There are 6 protein chains.
Amino acid sequence: MELQSNASNFLAAGFRYEESPIVIVGCPLDITSTFRPGTRFAPQAIREASWGLETYSPLLDRDLEDLRICDVGDLNLPQGNLAGALEMVQGYVAALTGDGKFPILIGGEHLISLPAVNELVKHHPDLLVIQLDAHADLRQEYLGESLSHATVMRRIADVLGNGGICQLGVRSSTREEMISAKEMGSLYETGEVLRLAASRPVYLTVDLDVLDPGVAPGVSTPEPGGLTFEQAISLISSLSSLRVVGFDLVELSPLYDPTQQSAIAAAKLLRELILLFCWDIDRK
Amino acid sequence: MELQSNASNFLAAGFRYEESPIVIVGCPLDITSTFRPGTRFAPQAIREASWGLETYSPLLDRDLEDLRICDVGDLNLPQGNLAGALEMVQGYVAALTGDGKFPILIGGEHLISLPAVNELVKHHPDLLVIQLDAHADLRQEYLGESLSHATVMRRIADVLGNGGICQLGVRSSTREEMISAKEMGSLYETGEVLRLAASRPVYLTVDLDVLDPGVAPGVSTPEPGGLTFEQAISLISSLSSLRVVGFDLVELSPLYDPTQQSAIAAAKLLRELILLFCWDIDRK
Amino acid sequence: MELQSNASNFLAAGFRYEESPIVIVGCPLDITSTFRPGTRFAPQAIREASWGLETYSPLLDRDLEDLRICDVGDLNLPQGNLAGALEMVQGYVAALTGDGKFPILIGGEHLISLPAVNELVKHHPDLLVIQLDAHADLRQEYLGESLSHATVMRRIADVLGNGGICQLGVRSSTREEMISAKEMGSLYETGEVLRLAASRPVYLTVDLDVLDPGVAPGVSTPEPGGLTFEQAISLISSLSSLRVVGFDLVELSPLYDPTQQSAIAAAKLLRELILLFCWDIDRK
Amino acid sequence: MELQSNASNFLAAGFRYEESPIVIVGCPLDITSTFRPGTRFAPQAIREASWGLETYSPLLDRDLEDLRICDVGDLNLPQGNLAGALEMVQGYVAALTGDGKFPILIGGEHLISLPAVNELVKHHPDLLVIQLDAHADLRQEYLGESLSHATVMRRIADVLGNGGICQLGVRSSTREEMISAKEMGSLYETGEVLRLAASRPVYLTVDLDVLDPGVAPGVSTPEPGGLTFEQAISLISSLSSLRVVGFDLVELSPLYDPTQQSAIAAAKLLRELILLFCWDIDRK
Amino acid sequence: MELQSNASNFLAAGFRYEESPIVIVGCPLDITSTFRPGTRFAPQAIREASWGLETYSPLLDRDLEDLRICDVGDLNLPQGNLAGALEMVQGYVAALTGDGKFPILIGGEHLISLPAVNELVKHHPDLLVIQLDAHADLRQEYLGESLSHATVMRRIADVLGNGGICQLGVRSSTREEMISAKEMGSLYETGEVLRLAASRPVYLTVDLDVLDPGVAPGVSTPEPGGLTFEQAISLISSLSSLRVVGFDLVELSPLYDPTQQSAIAAAKLLRELILLFCWDIDRK
Amino acid sequence: MELQSNASNFLAAGFRYEESPIVIVGCPLDITSTFRPGTRFAPQAIREASWGLETYSPLLDRDLEDLRICDVGDLNLPQGNLAGALEMVQGYVAALTGDGKFPILIGGEHLISLPAVNELVKHHPDLLVIQLDAHADLRQEYLGESLSHATVMRRIADVLGNGGICQLGVRSSTREEMISAKEMGSLYETGEVLRLAASRPVYLTVDLDVLDPGVAPGVSTPEPGGLTFEQAISLISSLSSLRVVGFDLVELSPLYDPTQQSAIAAAKLLRELILLFCWDIDRK
């Protein structure tokens, strides 16, 4: 008798850890958000939403079913202990890279990119981080704290040094962040990114709010005036030649979207990201 | 004393059956949906939403008030009896065509197109079905069932034979459906459709999910990356020269859209569809 | 590294099938509802809600962690095929009883009780069905159909014959149902039930709408004037001496309750039902 | 072919005006509310909710189907013109009484009781108004206006003079209102009301907020600590011997209750009110 | 100790009245709406939403923190008294202009523009009103009333005479309104507006429904097919050379948008409007 | 001209700090919640809800307007820094007691009671904490952390020693917590509490989930089977003779309650708490 165990993994990601070169892990960090909470529910909402999609992408003519992917579930992050939670994320990324897996992180808030980068840079010293995001996230500190969703790219820039980050889609910042971004030359056009990143390993971090609130209202900090879904897919596809060594998708807050369209958009983005950047890692 | 009997019919469709060459009927079939239910509430939601619009279309410079339309209400479909429900829809379409009425069906789920086509093809043997939809709906069967919202266009193709269906706007399918669509040549560009359909009677089926979830999140199966409202109207307007003998609008699920924008978009689409394709049938 | 696989089973029901004398199965049947759909989402919503509760019941001084329970997930019911779906439920209950398991069904709509009873009566010819419900569900047919959430107890009475059903909490019916209930003597007070059921195997079916809509608004057909949560627990506890051979909990429709209190109430009811009626089956 | 014209009238109230001694009219006045708007949607929401109930009341052993009731729809009240709107309500009540009909008004906000009383007192000079309400509504003026949902009972007291109003269930007021209520002796216990009203014609006005917000959260001004549904029915039933010449049910705001339980509670209250107070007016 | 008094003013508008040349006032008029109420909550919702944005606009390279703005809160409009409410708005605008302040009004419904124009035209006899709106709002009367959200531009045209209003973005009207608009030549393209308005003082009224419902579903009367957020900003920016003497932003109804994206879009529009049209009034 | 600055303080709490012996402060801590976030929005939601109530309590015949209360707004707690946030709460309570103010804290999550008690016990060495709560909150640690909403009463017991806490209304705990509560004798009946507390200064902490989810569904962790609003008021009133030196109201999560009834219930509880326990502190 056929049983269904609904939504326990992302679409087509039902393989065992041992047999899967690609691993999805939920990182439900939801501590530093100031405007709207709820990113803790994102990994599960994306899994559930994914089952309303097909495994096949007509655009790419590729199918998730040709890959072996394991969705391991969510990290059991300690409550109210930010340092401990970040450490756990880094530890898990270390375990994945130790096992030769391609890491895919589903946030949770944007801060999860920091421990992922902290770990990956050990293996890829010339790592480049490409960020798709409505916000610059370059503050030195936010409300007195140096670790925050609003400072995460500054912290990553601290780790990677000059030229370590490329920012695409940014449409909101403080004046100080804008000056800072110009000084460090982090704001790029797509073409430039391709030249810059051609020879470097890339970690891609996608903040769902790079999309327009019209198509993804359920995020921590909606910023009007963003990309349509097609523009986002087109932008991501333009990066397909890069050597991506890991990526994340962060900042979905499904609590704020009873229509579920935000989670569905996130799930479809994730499908396309996997089909674009993991296609050559593994084919069944 | 003026009384208002709110929302008991679609905007301006308050004529008696006998005097109306154009008839709207609600077909609240809501049985085979797998992802999100609620299409049963669509006809009533579209009626209520229509009263926030004008009867006049500035784009077309036409006014619903120049037409005589009867909205007969909803078919009282038997619960849990799919075969019986489809039979009742077909029976009602037969009655309408018998009375010389132009049939407009409001779903309910997409499967209602099948009995409509089954009936209309008796009167129009060279009937062409033009489908606006995010999904191909060409599966041979779905979850073991041959009758489903996901198989409806395959069943219609079975009835009409090769060249019987034209699909516009499809952006999601399985790999098998895509192969199948290519084999039967059902995927068209607008220009081609006009040539193909020039001499044939047309049944138009509009799945609301052809719109982007940003403008119509309240559908059974939202698929990111669709048409804006203007693009949809433009596409439909481009078909205005065709001889349409009936149409439907399906798959709205108002339960999932507390903003009501999906029902309002459906109501406005319906207004424009009527003004485009029923304008020459009847003018008061 | 500790991973969390959220909400993939009911609280503390993470044992393997082979080691568990008690089995929970979701039966997401959602076809015949006329008023409000959505019971298909109930099993998953109850699982997720259960993790906000403790495994321990202060009232009963018993703990789920002392039992070995397997939550096998949901049956993959065929869409739009009522007969096939009921057959699948019956088949699964047959498999469970064949393996000596205690069956716990989570609906889905109330009709799932029928195949469960159809199967259990083979093993327990003097089976008594005790129903907690706001509605009599005794119609001969509903909207022309003999199989419906509104006819289920009539169909069960057809199977079990006179004296086969006891109805508690009923506060809504047609006049005909009331006459019928009086003729067959199905309406009972708790004390009478205890006498009647003392020597018989019992199947208990709990329609969540026996609770007041104030505490469980998310049901298919809310009926004002029902039990408080405490009254419901007290009523169920009064049956604790009976020999229950299976039970179900049906008619939650989480779509209609953004507060989640209905799913949480269902989950707590389920915990207490298990601790009351499965306690002597198995203790670790 | 059976067609369904959903929700166009209250349950079982589908008779023509001419043949019905009992008439329901919606009065969607929604102008003076200060806290939460939306009572304009109440009549339609109550109609739709009523179809989830039975026509038969097990408690009263009476059935709506034994009565001839006409639901005429909603008055088309002028926007933003309070005086004009009240005049229209009074005009319609005058028409009803002129035709010998028993008037049942569905609000809209509480202020609609004022024109109803203004008209009925012409025919029943010793009219007594019994109010079930969480709030005293006895302010002399509210935010500078003498006509408001918060002053309505004061205005009615102005019309009827001393001893003209009986208030039941009041649990919120200003200190001034409380003093005032004591001075005019308007606060009663049920038993006293029965004695007082024994020989007088009664107009009953039921503000839905007399119920606890737990069972009717969707009202303009929820006030914690109210009646359970059963307590409300019991209170109303205790008045069954009175000679009621009209009644209203006001202040539902369905916008604030996505669970729909408030509208369902209102619909069931209305069913019981009709079966209690219109039973002897007409039996088919 | 730092305290936060959340949302008591619009972002960065925390200056005292005396020191601020720019004043924001909420005008929560919510009386004549026929379709969906709730504009009374708009000013507060826009204030709260504004705190999720930055004070700095990367597009304009300007920062609200360089201006001195006072948000005085909401006018305490009399309930149910339309004439009194309009008078109060006009009185407050008179006070502002008397004190030499630049007035910014947040609606409330569109009718608030009328008293603002009534007052400003006293000081600027050649005042031109530029309207961004989905609807023409040119009816002579609406539901029998001459003062309504649907007649406001007709009333303003009555005040200003021929050539007094320019309408941009209109996509819905009755046939009569369209004829009327053509007769009075009120429909413009942006370029024409610039020529026309070059030498005249301008009052700008922005109805949020000029945006597409996809990006601002929470308005009184959503009209599919509107501007994206970027198109709206671009349109407004094209007017930057005009001499604007006051503006308003009206018709947000936050009740209908649980995602909050409509209020956030309104807040960002307001930020850009201030930075565009008040930049030269005052710089700290 | 009368302006309204909506919801910037709790009902009638508009006095300046200097003139007020009673001070309300919002403590929007929202870090350790595991089930549902959103308590950060509670203080503002309670303020807004309070304006739908009267200042006068008919039950107590007392009026808030007779007291001088200052609502200072919310503490600006550092994001993601639990230790820093708790320190800031304690610092503010220290400032209040230093100024001779009666402290009223609105959570935020339950953990805010700990710093309040830490400070108050300095001034009242024999402080007794009375807790109204559905949950025991007596865990030694929760998910590896010693500071959590689920451990707060254990931490307070650590501070106050044996006999320091009285727990009322507890209906959920682990088996270990229950054993622990029995060992330390913290579970009381109301009568016992009165005897125990007669001669001691009392800090009262009210977790809103002591109410039944039917009347307060919007809390972090709803637990079915709680108090009605009347039972809660009655329980609190029974403590009126105690010498209360401060209190808090915690765990409202307004995000989960679109009906707003939870925030309204919290606001009314707060009004009654103030009228009961601050009445003799200050009378104007």
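Read on for a plain summary of the structure. Keep in mind the model is a prediction, meaning the values are calculated, not measured.

**Notes on the relation of the copies chain A and chain F**
- In the superposition of chain A on chain F (RMSD 0.0 Å, axial shift 0.0 Å), the rotation amounts to 180 degrees. Such a combination of rotation and displacement between the chain copies is what one expects of a two-fold axis. Taking the C-alpha atom as reference, chain A places Ile31 of chain A closest to the rotation axis, 2.9 Å from it.
- When you check the interface residues of chain A against chain F, 95% turn up at the interface there too, and the contact is symmetric in its surfaces.

**So, the interface of chain F and chain C**
- If you look at the interface, chain F gives 22 residues, while chain C gives 23 residues.
- Here chain F and chain C share an interface that buries about 1800 Å² over both sides, 56% of which is from carbon and sulfur atoms.
- Interface area lost by chain F to chain C is led by Phe35, Arg175 and Pro224 of chain F, which between them contribute 33%.
- Across the chain F-chain C interface, the total number found is 3 salt bridges.
- In this structure, Glu223 of chain F and Lys268 of chain C form a salt bridge, with 2.7 Å as the shortest nitrogen-oxygen distance.
- Linking chain F to chain C there are 7 residue pairs in polar contact (both at pLDDT 80 or more).
- Split by residue class, the side of chain F that touches chain C holds 8 nonpolar, 6 polar and 8 charged.

**A closer look at the pattern of salt bridges**
- A full pass over the atoms with the stated rule returns 72 salt bridges over all chains.
- For the salt bridge of Arg40 of chain A with Asp30 of chain A, the shortest nitrogen-to-oxygen distance reads 2.6 Å. In this pair, Arg40 of chain A is assigned in the loop between strand 2 (22-27) and helix 1 (42-50) and Asp30 of chain A in the loop between strand 2 and helix 1, connecting sequence segments 10 residues apart.
- With a relative accessible area of 11%, Arg40 of chain A lands in the buried category.
- A salt bridge links Asp158 of chain D to Arg155 of chain D, with the shortest nitrogen-to-oxygen separation between them at 3.0 Å. You can see Asp158 of chain D and its partner Arg155 of chain D sitting in helix 4 (residues 152-160), 3 residues apart, about one turn around the helix.

**Concerning the arrangement of the chains**
- In this assembly chain C lies apart from chain E, the nearest approach of their C-alpha atoms being 12 Å.
- Regarding chain B and chain F, the two do not touch, and the least distance separating their C-alpha atoms is 12 Å.

**Observations concerning the interface of chain A and chain F**
- With 21 residues of chain A at the interface, the matching set in chain F holds 20 residues.
- Buried surface at the junction of chain A and chain F, summed over both partners, amounts to about 1700 Å²; 54% is from carbon and sulfur atoms.
- Together, Arg40, Gln79 and Glu145 of chain A form the three largest contributors to the area buried by chain A at its contact with chain F, with a combined 33%.
- Our enumeration of links across chain A and chain F arrives at 0 salt bridges.
- Taken together, the connections running from chain A to chain F amount to 4 residue pairs in polar contact (both at pLDDT 80 or more).
- Residues of the side of chain A that touches chain F, tallied by class, amount to 9 nonpolar, 8 polar and 4 charged.

**Regarding the packing of aromatic side chains**
- Within the structure shown, the criterion is met by 6 aromatic pairs over all chains.
- Sitting over the face of the ring of Tyr17 of chain A, Lys101 of chain A holds its NZ or CZ atom 4.6 Å from the ring centroid.

**With respect to the environment of Leu276 of chain A**
All names here are of chain A.
- Tracing the sequence through the fold places Leu276 in helix 8 (residues 261-277).
- Sequence-wise, Leu276 and Ala266 are 10 residues apart; in three dimensions their C-alpha atoms are separated by 15 Å.
- Once residues lying within four places of it in the same chain are set aside, the contact partners of Leu276 are Leu60, Arg62, Ile236, Ser237 and Ser240.

**Examining the relation of the copies chain F and chain C**
- Taken as rigid bodies, chain F and chain C are interconverted by a rotation of 120 degrees and an axial shift of 0.0 Å, the fit giving an RMSD of 0.0 Å. In short, the pair behaves as if placed about a three-fold rotation axis. Nearest to the rotation axis, the C-alpha of Gly214 of chain F is located 3.0 Å from it, this being the minimum over chain F.
- A share of only 9% of the interface residues of chain F reappears at the interface of chain C, consistent with the copies meeting through non-equivalent patches.

**Quick word on helix 1 of chain A**
- The buried count for helix 1 of chain A comes to 8 of 9 residues, which makes it a mostly enclosed element.
- Those residues of helix 1 of chain A not exposed but buried are Ala42, Pro43, Gln44, Ala45, Ile46, Arg47, Ala49 and Ser50 of chain A.

**So, the pairing of strand 7 (residues 128-132) of chain E**
Residue and element names in this part refer to chain E.
- Of all 5 residues that make up strand 7, 5 are buried, and the element is covered over most of its length.
- On strand 7, burial covers both faces: Leu128, Ile130 and Leu132 on one face and Val129 and Gln131 on the other are all buried.
- Two strands pair when backbone bridges link them, and strand 7 and strand 9 (residues 201-207) are joined in this way by 5 bridges, in the parallel orientation. In the sheet register, Val129 faces strand 9, and the bridge partner there is Tyr203.
- Read from strand 7 through helix 4 (residues 152-160) to strand 8 (residues 165-168), the crossover connection turns out right-handed.

Quick notes on the rules
- Residues numbered from 1 in each chain as written.
- Chains lettered and ligands numbered in written order.
- Predicted model: local features only at pLDDT ≥ 70, side-chain atom pairs only at ≥ 80, totals over all residues.
- Heavy atoms only, no water.
- Least-squares fit on C-alpha atoms with pLDDT ≥ 70 in both.
- Contact = heavy atoms within 4.5 Å.
- Buried area = accessible area lost by both parts, 1.4 Å probe.
- Salt bridge = Lys/Arg side-chain N within 4 Å of Asp/Glu carboxyl O.
- Polar contact = N/O pair within 3.5 Å; in protein donor to acceptor, adjacent residues only side chain to side chain.
- Nonpolar A, V, L, I, M, F, W, Y, C, P; charged D, E, K, R; others polar.
- Helix = DSSP H or I, 4+ residues; strand = E, 2+ residues; numbered from the N terminus.
- Buried < 20%, exposed > 50% of the residue type's maximum accessible area, 1.4 Å probe, protein only.
- Phe/Tyr/Trp six-rings, centres within 6.5 Å; stacked < 30°, edge-to-face > 60°.
- Lys NZ or Arg CZ within 6 Å of the ring centre and 35° of its normal.
- Pairing = 2+ DSSP bridges.
- Right-handed = clockwise from strand over helix to strand, strands pointing away.

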